[in-house]
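Given next are the chains, with one letter for each unit.
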Number of protein chains: 4
Amino acid sequence: MGSFRGHALPGCFFLTAGLWWAGRFSLRYATHRTKRLSSNSTSTRMVSLSSQRRLEVIEGSTILFFSVVGMLAEQFAPGGPHLHLYDYTEQHWDKLHNWQHATMYLFFGLAGVIGLLVHTTGAAPLALDRLMLAIAFFMEGFIFLYHLHGRAMLDVHIHQLLLYSVFGQALLSFLEVFHRGNILLELLRASLTILQGSWFWQIGFVLYPPSGAEWDLMDHNNMMFITMCYSWHLAIGSAHCQPGLLHRQLCGTIQIEEHPSHGDGTAETQRERAGVRG
Amino acid sequence: MGSFRGHALPGCFFLTAGLWWAGRFSLRYATHRTKRLSSNSTSTRMVSLSSQRRLEVIEGSTILFFSVVGMLAEQFAPGGPHLHLYDYTEQHWDKLHNWQHATMYLFFGLAGVIGLLVHTTGAAPLALDRLMLAIAFFMEGFIFLYHLHGRAMLDVHIHQLLLYSVFGQALLSFLEVFHRGNILLELLRASLTILQGSWFWQIGFVLYPPSGAEWDLMDHNNMMFITMCYSWHLAIGSAHCQPGLLHRQLCGTIQIEEHPSHGDGTAETQRERAGVRG
Amino acid sequence: MGSFRGHALPGCFFLTAGLWWAGRFSLRYATHRTKRLSSNSTSTRMVSLSSQRRLEVIEGSTILFFSVVGMLAEQFAPGGPHLHLYDYTEQHWDKLHNWQHATMYLFFGLAGVIGLLVHTTGAAPLALDRLMLAIAFFMEGFIFLYHLHGRAMLDVHIHQLLLYSVFGQALLSFLEVFHRGNILLELLRASLTILQGSWFWQIGFVLYPPSGAEWDLMDHNNMMFITMCYSWHLAIGSAHCQPGLLHRQLCGTIQIEEHPSHGDGTAETQRERAGVRG
Amino acid sequence: MGSFRGHALPGCFFLTAGLWWAGRFSLRYATHRTKRLSSNSTSTRMVSLSSQRRLEVIEGSTILFFSVVGMLAEQFAPGGPHLHLYDYTEQHWDKLHNWQHATMYLFFGLAGVIGLLVHTTGAAPLALDRLMLAIAFFMEGFIFLYHLHGRAMLDVHIHQLLLYSVFGQALLSFLEVFHRGNILLELLRASLTILQGSWFWQIGFVLYPPSGAEWDLMDHNNMMFITMCYSWHLAIGSAHCQPGLLHRQLCGTIQIEEHPSHGDGTAETQRERAGVRG
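Under an unreviewed UniProt entry, chain A has the name Transmembrane protein 45A and belongs to Umbra pygmaea. Under Subcellular location (unreviewed entry), UniProt gives the following word-for-word description of chain A: "Membrane". According to the UniProt record, the Sequence similarities (unreviewed entry) comment for chain A is "Belongs to the TMEM45 family."

What follows is the structure, encoded as C-alpha cells:
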C-alpha cells in the first residue's frame, strides 16, 4: 500500500517483533547465567525447557496472526484487489503491489505455522523454524529487489537500504540453523529487526510526509543524509538489546574471578543449550 | 531447444528428482526417529546402511540415464547439430544453444558416474558425490548466466529467476560436503529442485504458450507478476517436503517429554549418521 | 574533511591500531608456545588471563578516546558543522561529509565502549567485542560506499580500493566471533588494518598532494598504477606481522620433533585459549 | 606480456602445479587408507610425517623459484621495463602491464617463502602456508579485475572467465585454513589450478593465434563458444584428479563391509591428520 499507513503497519510489526526478541534473548542470557550459579537440578531445567517451548508457541501464533491480518489488509482494504489477480476487461494484472505485499506476509505466515508445528508436535527438526524464518526474510528481500523499477532516485535508495537489514536477517537466521542459541546471532537479528521496523516508519515519513512538506526525491544531499540516518537507526536499534545485559550487570555480583571459563559466545551457548535441553 | 518441449523435458527431470528427494529424505528422517526408539541393534543398522547405499546407486544410475537421454535429444533431435560444432562452409559455430544444453547434461552425467563409483567401489571419499552435484548445478547456472545476451526483457528476467534456485542448489550441495545428512539442507535442496522443475514448465508456458496467446515480453507488469509467481512456486514446492514429517506426526506418539535432547538439526543428524554408519 | 590532514588523521589511527595488533598477537603467539613448554601451572595461567584482560581494557579505552577525538575534530574543526545538521536559511543539509565521518567514528566509539563493558564487568558474552568491531568496520564501508557519487574516476577508484580492506576487516572480525583466538584471523585483520592506515596516507598524497604536483584524475594509467600500489601496501603491511614469529624463530630451540602435534591454526588456538582461559 | 608466450609461460606453471597437486593429494589419500589397514605403528607415522614435510619444502622452493623466474622474465625480457617504473621524459608510467604481472608473481613468491619458513622452522602456525596461497590467488584475481579496461568484448570475457578459477582457488585455500587436509577441497583446488593453466593456453591460442587466423573479437557466437569451452576445460581438468582414486580402486580389496566407518570427507581427514601428525 503506497501510503504512510501502509508503511507504518509493517513498521509496527517489525518493531514489536524486534523489541520482543531483544528483551527475550537478553533476559534469557542474563537469567541463565545467574541460574547456573545457584541451581543445576534437573527439575529446574525441565521447567526452563517447557517455558522456552511455550514462548516459541506464543511467538509462532503471534506471527501467524499478524501475517493473516497483513494479508487481509492488503487484499480487502479500500483500493485493494479483493483477490482479483487479472483484470480481463482491461487486459492487465490488477494491483500487483498489493499482491506482492500479501505474498511477503504469506511467507511470514508459513514461518509462523511451521514454528507452531515444530514446537507443539516435535514432528519436524527443531531448526526448521529458523530455516523458515530465513526463507521468509529472503523472499521479502527478493520481492523488494524487483519492486523498484522506474521510481525516483531517493525512493529506490531508501528501499535499497531496507534490503541490507532484510538480507542480513535472512543470513543470520540461516546461521542460527547451525548455531542455534548463539546469543550474539540472536541479538544481532533482533537489532536488525528493530532497524527494519524503524526504517519502515522512516520511509513513511520521507515518501508520504504527514506534515505535508515534500522531500526532493532527486536531491543528492538527501540521499547522503538518508544513508547516514540509516546507520543512526542501527545504532539506536542495537542499544535496545542491552537491557538484559545491563540488568545482569546491575544485580550481578562480581563473578568473573570465580568463573574463569567465561569463554566465547559459542562455547557459552553450547553449555547454555546443554542446560536447557539436557 | 527453444521450444515448449525443450523446457518441459528438463522440467520433468528436475520435478521428478525433487519429489524423489523430498520423499526419500523426509521418510528417512521419520523412520530413523521411530527406529531409534524401538531397536538399536547392530543388525538393523547394517540393513539400513546397505539399503541407503542401494538407494544411492539407483539414484546415480537414474541421473546418468536421463543425462544421456538429454544429451542425445539435444544432439540428434530434428534440428540438432548432430555432433557438428563448426560450420566450415558458412564460417560460424553451429547450433551453440544445443551444444550448451548438452554440456549442462554432461555435468549431471558426470555427477551420476561419480555417485555410482563412490557408492559401489568405496574408492573415493563419500562426500565426492555431493561435490560433483554442486559442480553440476554451478556449471548449469554458469552457462545460463552467459546464455541470455540480446533477448527480450521478460525472457532474460524469467531465466535469471531460475538462477536463484540453480545457484542455491549448488551452494546447498557444497554445504552438504561438510554437513552430510543434515535433514534441513537436504529438504531445502529438494524444495529448490522442485522449484527449478516447475519453473522450467512456467518458462515454457510463458515463452512458448501452447494456447497461442503470446505474452508481452516488454511489459513491466508481466515482470512483476512473474517475480511473485516464482515465490508461489517455492511455497508450493516446499510444501511437498512435508509428507514424511506429517506421517511421523500422525503415527508418532508424544515423545518429546521422554526425549528432551531433541536438539537442533546438526546434533540430530550427527547422531543419526552415527546410527547409520557406526 | 577533504584535505590532506583529514586523511592523515584516520591513517594514523589505523596504522597505530594495526601495528599494535600485529605486535600483540604475534608476540602472544610466540610467548604462549614457549610458555607451554616450560610451565603449565595454574598460577601462570591466572596471571596470563588477567594480563590479557588488562590489555583488552586498555585497547577499548584507547579506541574510545581516539573516536571521541575524531568526532570532535570533524564537528568543531574550522569549517566543521558545529553540530548543525540542517541549514534552515538555505534549506539544505549542512556539511554532510563531516557528519558522515563523525558517524563512522561513532561506531568505533561504540565498539570501544562495548569492549570496555565486556572486559571490565563480564556482563556480556566475550565475543560481543569482536561483533561490535565487525559492525563498526561494516558501517564504515557502508557509508563510504554511498559517499562517492559524482567524483572523478581516480578519486572513486582509490576510495573503492579502501573498501576491500574495510569489508575484509568486517568479515574477519565476524569470523572471530566464532573462531576467537585464531592467530591467523587476528594477524590478517592486523595486516588489513595496517593496509587501511597506509592507504589513507596514500589517498591524501594522491588527492591533496603536499608537493603541489596534481595527479591527472582521469588518466587510465594512473588507475592501473594505483591498483598495483594497493597490492604493494598489502605486501608491506603484512610483513609487519612477522616480528613475533621471527622472534620465536631466533630464540626458539628446534622443538618440532618433540612436538609433532603442532597442528593447524584452529587446533593450535583452541589449546592456547584453553591455556589462557582454563 | 601481451603475446602467446606471455600466456603460455604462466599456463605451464599452473598446469604443472595443478597436475602435481592432483597426483600428490589423490595418491596420499589412496596410500593412507591402505596403510591404515596394515600398520599403525608410531615409526610409520614418523616417516610419513617427515616425508610430508619434505614434500612441502620442495613445493615451497619450486613455487619460489618459478616466481623469481616469472618476475625476472617480466622485467628483463626484451621490451620489459627493466625496473623503470616512471618515464620522466614522457611523464607517464612505464609498461604497467609488465609491472602488474611481476606483482602477481611477487605474491606467489611470498607464498613460497612463507611455505618454506613454516615447514622448515615451525615458527609460524601451520595453516599460514594456505592463507598466503589464498592471498596470492586473491591478489592475482584482484589485479586482473582492474586490468581489462577498454579491451575488446571477447578479450574481456575470456579473462573474466579466468577469474572464476582464480577466486575459486583463493576461496578454497582460505577454507583449507580451517579444514586442512580435507581431500575434497585439495582435489577441487588442484582441478581449478589445472583449469587455470589450460585456460591460459586457451587465451594464448584465441588472442594471439600461432596459426595466424584471427578470431572475431566482437562476435557474440564466439563468446558463447568460449563460455562452453571453459566448462569443458573444467571437466577435463578434474578428470586428472582421479588417478590416485582409480589406483586405489584397482588394487584395493573390497573393504567397505569391514570398514563401515568410511564417513564423509571431514571425519575422514581428521582421522587421517591424526595419523600423520599424532
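There is more to say, and it comes next.
Residues and elements named next belong to chain C. According to the stated counting rule, one finds 100 aromatic pairs over all chains in the structure shown. Geometrically, the ring pair formed by Phe 4 and Phe 205 is edge-to-face, given 5.0 Å between the ring centres and 70 degrees between the ring planes. Placement of the pair is Phe 4 in helix α1 (residues 4–38) and Phe 205 in helix α6 (residues 183–207), with a sequence separation of 201 residues. On the basis of relative accessible area, Phe 4 is assigned to the partly exposed category, the value being 22%. The exposure class assigned to Phe 205 is partly exposed, which follows from its relative accessible area of 41%. Sitting over the face of the ring of Trp 21, Arg 189 holds its NZ or CZ atom 4.5 Å from the ring centroid.

Another point: the packing of helix α6 (residues 183–207) of chain A against helix α7 (residues 220–239) of chain A. All names here are of chain A. Running from amino to carboxyl end, α6 crosses α7 at an angle of 140 degrees, the nearest separation of the two axes being 9 Å. One finds that α6 runs oblique with respect to α7. In this structure, α6 meets α7 at a crossing whose hand is right-handed. Contacts from Ser 191, Leu 192, Ile 194, Leu 195, Ser 198, Trp 199, Gln 202 and Val 206 of α6 reach α7 at Ile 226, Cys 229, Tyr 230, His 233, Leu 234, Gly 237 and Ser 238.

Moving on to the UniProt feature "transmembrane region" (unreviewed entry) in chain A. Residue and element names in this part refer to chain A. UniProt annotation of "transmembrane region" (unreviewed entry) refers to residues 6–27, 102–119, 131–149 and 161–178 when read in the numbering used here. Secondary structure within residues 6–27 divides into 100% helix and 0% strand; the distance between the first and last C-alpha atoms comes to 32 Å. Between the end C-alpha atoms of residues 102–119 there is a gap of 26 Å, over a span that is 100% helix and 0% strand.

All names here are of chain A. Here Arg 24 is to be found in helix α1 (residues 4–38). Judged by its relative accessible area of 8%, Arg 24 is buried. Counting along the chain gives 31 residues from Arg 24 to Leu 55, while the straight-line C-alpha distance between them is 9.2 Å. Every residue in contact with Arg 24, bar those within four places of it in the chain, is listed here: Gln 52, Leu 55, Glu 56 and Glu 59. Side chain to side chain, Arg 24 and Gln 52 meet in a polar contact 3.3 Å long.

All names here are of chain D. Summarising the element assignment, Tyr 86 is placed in strand β1 (residues 86–87). Linking Tyr 86 and Leu 96, residues ten residues apart in sequence, is a C-alpha distance of 9.3 Å. Contact partners of Tyr 86, with chain neighbours within four places excluded, come to Gln 91, His 92, Trp 93 and Asp 94.

Ranked by size, the top nonpolar core spans 254 residues in total, and within it Trp 199 of chain A, Trp 199 of chain B, Trp 199 of chain C together with Trp 199 of chain D carry the most contacts. Here Trp 199 of chain A is in contact with Ile 158, Leu 161, Leu 162, Ile 226, Cys 229, Tyr 230 and His 233 of chain A, once residues within four sequence places are set aside.

Another aspect to go through is the pattern of salt bridges. All names here are of chain D. Summed over the entire model, instances satisfying the criterion amount to 40 salt bridges over all chains. Residue Arg 28 pairs with Glu 186 through a salt bridge whose shortest N-O separation is 2.9 Å. Of the two residues, Arg 28 sits in helix α1 (residues 4–38) while Glu 186 sits in helix α6 (residues 183–207), which places them 158 residues apart along the sequence. The exposure classification of Arg 28 matches that of Glu 186, with both residues buried. A salt bridge links Asp 155 to Arg 151, with the shortest nitrogen-to-oxygen separation between them at 3.4 Å. On the basis of relative accessibility, which here comes to 12%, the residue Asp 155 falls in the buried class.

Rules used in this analysis
- Residues numbered from 1 in each chain as written.
- Chains lettered and ligands numbered in written order.
- Predicted model: local features only at pLDDT ≥ 70, side-chain atom pairs only at ≥ 80, totals over all residues.
- Heavy atoms only, no water.
- UniProt positions renumbered as here; feature names shortened; annotations may be inferred.
- Phe/Tyr/Trp six-rings, centres within 6.5 Å; stacked < 30°, edge-to-face > 60°.
- Helix = DSSP H or I, 4+ residues; strand = E, 2+ residues; numbered from the N terminus.
- Buried < 20%, exposed > 50% of the residue type's maximum accessible area, 1.4 Å probe, protein only.
- Lys NZ or Arg CZ within 6 Å of the ring centre and 35° of its normal.
- Axes fitted to C-alpha atoms, helices over the stretch in contact; angles between N-to-C directions.
- Parallel < 35°, antiparallel > 145°, perpendicular 65-115°, else oblique.
- Left-handed = near helix turned anticlockwise from the far one by under 90°.
- Contact = heavy atoms within 4.5 Å.
- Polar contact = N/O pair within 3.5 Å; in protein donor to acceptor, adjacent residues only side chain to side chain.
- Core = buried A, V, L, I, M, F, W, Y, C linked by side-chain atoms within 4.5 Å.
- Salt bridge = Lys/Arg side-chain N within 4 Å of Asp/Glu carboxyl O.

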